[in-house]
Amino acid sequence: MGTPDFRLYWWIKHNMGKAKHNLSSSGLSEPDLNEMGVVTDYSAFKASSQDSEESFRRAVAELYGVSKENVLPTIGGTEAIYLVNLFMAERTRSAFVPTPNYEPMLSVPAMLGFQLEKTFNPSRTLLVSLTDSNNPTGRSLSETWVKSLIDESGDDSCVYIDETFREFGFQESIGTWFKLNRDKVVVSNTLTKFYGLGGFRVGWITASEDKIEDLARLKPFITGEDAAYSLWVGAQAIRNGSRFVSR
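Residues numbered from 1 in each chain as written. Predicted model: local features only at pLDDT ≥ 70, side-chain atom pairs only at ≥ 80, totals over all residues. Heavy atoms only, no water.

Caption draft 1: Inspection of the overall build of the protein chain at higher detail. Each helix and strand counted, the protein chain has 9 helices and 7 strands in total. With the C-alpha coordinates aligned to their principal axes, the bounding extent of the protein chain is approximately 55 × 45 × 40 Å. Across the 247 residues of the protein chain, 47% fall into the buried class. Counted over contacts in the protein chain with a minimum sequence separation of 6, partners at least 24 positions apart contribute 75%. Accessible surface, the protein chain as shown: approximately 12,700 Å² in total, 50% of it carbon and sulfur. Positive and negative charge centroids in the protein chain, built from 26 and 31 side chains respectively, lie 5 Å apart. (Helix = DSSP H or I, 4+ residues; strand = E, 2+ residues; numbered from the N terminus. Buried < 20%, exposed > 50% of the residue type's maximum accessible area, 1.4 Å probe, protein only. Contact = heavy atoms within 4.5 Å. Areas by Shrake-Rupley, 256 points an atom, 1.4 Å probe, with all protein chains shown as cover. Lys, Arg positive; Asp, Glu negative; His and termini not counted. Charge placed at Lys NZ, Arg CZ, Asp CG, Glu CD.)

This is the structure:
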């Protein structure tokens, strides 16, 4: 296992304060949450009798039309990428990650010792990692192509799709690639970009119940539990999603 250096990230972080125009931002600014129907008062959170994680999992489940057992909250989208790759590292050392792609989609499997394949080979490639819409090109994935990857991959394979930018496609209903094949497909998302809630660091993974159980067993070795307040706010944001769409 090597320690990668995300040079672009550190370059942006170091130089951001010097720049007149910031073209590196890929999400919306944080909205007035009260206008979005989201209660942020901390005393209201403390007075709430809700289990924040349970409420958040139910909100995502309702959004996608799946079971709450198919949902695992994460610390933003970054933890989701790491957890999925760590989960698959126990099963394979070969990954197909098309380029160009979001840097952690490449650097995380490389750090964990994966051989990054330039082409998809179903006989040896158990992990396929994609972004939809693609980061950085903005192109949406072809359903025909994704279906072919799923159909050709073996039963132990994982087609992982980071859906961070999918909602910018403004589908008539919020869709997820997970529904295409609930056994092989794993997806992740975050409130950072479309919702503009980067400061709350809330994301999630959607997968089959058995994979969620395995991923949940790995999570305590990384972050333990998510911040309850962030999940409480996040659940409200998802349930008021139509206001964010209108915005």
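Read on, since the account is not over.
Caption draft 2: Broad picture of the layout of surface pockets. For the largest pocket, the calculated volume is near 1,500 Å³. Taken together, 47 residues make up the lining of the largest pocket; nearest its centre are Phe-6, Tyr-9, Ser-26, Tyr-102 and Lys-193. Put simply, the parts of the chain that give the lining of the largest pocket at least two residues each are α1 (7-15), α4 (76-89) and α5 (103-111). Looking at the lining of the largest pocket residue by residue, the classes come out as 17 nonpolar, 21 polar and 9 charged. In this structure, the second largest pocket encloses a volume near 190 Å³. (1 Å grid on protein atoms, 1.4 Å probe; cavity = no way out; pocket = protein on both sides within 12 Å on 5 of 7 lines; lining within 4 Å. Points joined across faces, edges and corners; volume = space filled by probe spheres on them. Nonpolar A, V, L, I, M, F, W, Y, C, P; charged D, E, K, R; others polar.)

Caption draft 3: The packing of α4 against helix α7 (residues 209-218), seen in detail. Between α4 and α7, whose axes approach to 10 Å, the crossing angle comes to 105 degrees. Relative to α7, the element α4 lies roughly perpendicular. On α7, the residues touching Leu-83, Val-84, Leu-86 and Phe-87 of α4 are Lys-211, Asp-214, Leu-215 and Leu-218. (Axes fitted to C-alpha atoms, helices over the stretch in contact; angles between N-to-C directions. Parallel < 35°, antiparallel > 145°, perpendicular 65-115°, else oblique.)

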